[in-house]
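Structural overview for review
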Amino acid sequence: MKNPLKKKFAQFLKEKRAAKGLTYKEFSLLIYGEENKKNYLQRLEKEKGSPNLKSLSFICQKLNTEVLFNEH
């Protein structure tokens, strides 16, 4: 069973990177200030990895994004 939160975060990263017209290397520089995190971001975008809460919070902060939870 796929994790819907993981899928939504992956889609968010992909759309954010594409909207900015950035390569993975450039996206890594934007978020982390260094290129060596590009593989990590690529894995997240392709749903091959999951961020822990600290990483999720850090990435969202750098992208001026807030996570909201809605009850259905």
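Heads up: the structure comes first, above all this text.
Scope of this entry: the structure provided in the associated data block. (Residues numbered from 1 in each chain as written. Predicted model: local features only at pLDDT ≥ 70, side-chain atom pairs only at ≥ 80, totals over all residues. Heavy atoms only, no water.)

1. Quick notes on the nonpolar core
Among soluble globular proteins, nonpolar side chains are generally buried collectively. Here is the rule we go by: The set of buried Ala, Val, Leu, Ile, Met, Phe, Trp, Tyr and Cys residues whose side-chain atoms join them within 4.5 Å is what this entry labels a nonpolar core. Classification of residues uses two cut-offs on accessible area relative to the type maximum, computed with a 1.4 Å probe and protein chains only: under 20% is buried, over 50% is exposed, and between them is partly exposed. Secondary structure elements are defined from DSSP: runs of H or I of at least 4 residues count as helices, runs of E of at least 2 residues count as strands, and each element is numbered from the N terminus. In what follows, a contact means two residues having at least one pair of non-hydrogen atoms within 4.5 Å.
Core analysis: the biggest nonpolar cluster contains 12 residues, these being F9, L13, L22, F27, I31, Y32, L41, L44, L56, I59, C60 and L63. Mapped by element, the contributors of at least two residues to this core are α1 (4–20), α2 (24–32), α3 (38–45) and α4 (53–62). Apart from the residues within four sequence positions on either side, L22 is in contact with R17, F27 and L30.

2. Comments concerning the pattern of salt bridges
Selection criterion: The term salt bridge refers to a side-chain nitrogen of Lys or Arg lying within 4 Å of a carboxyl oxygen of Asp or Glu.
Tallied over the full model, the rule gives one salt bridge. Note that E45 and R17 form a salt bridge whose closest N and O atoms lie 2.9 Å from each other. With a gap of 28 residues between them, E45 in helix α3 and R17 in helix α1 connect regions that are remote in the sequence.

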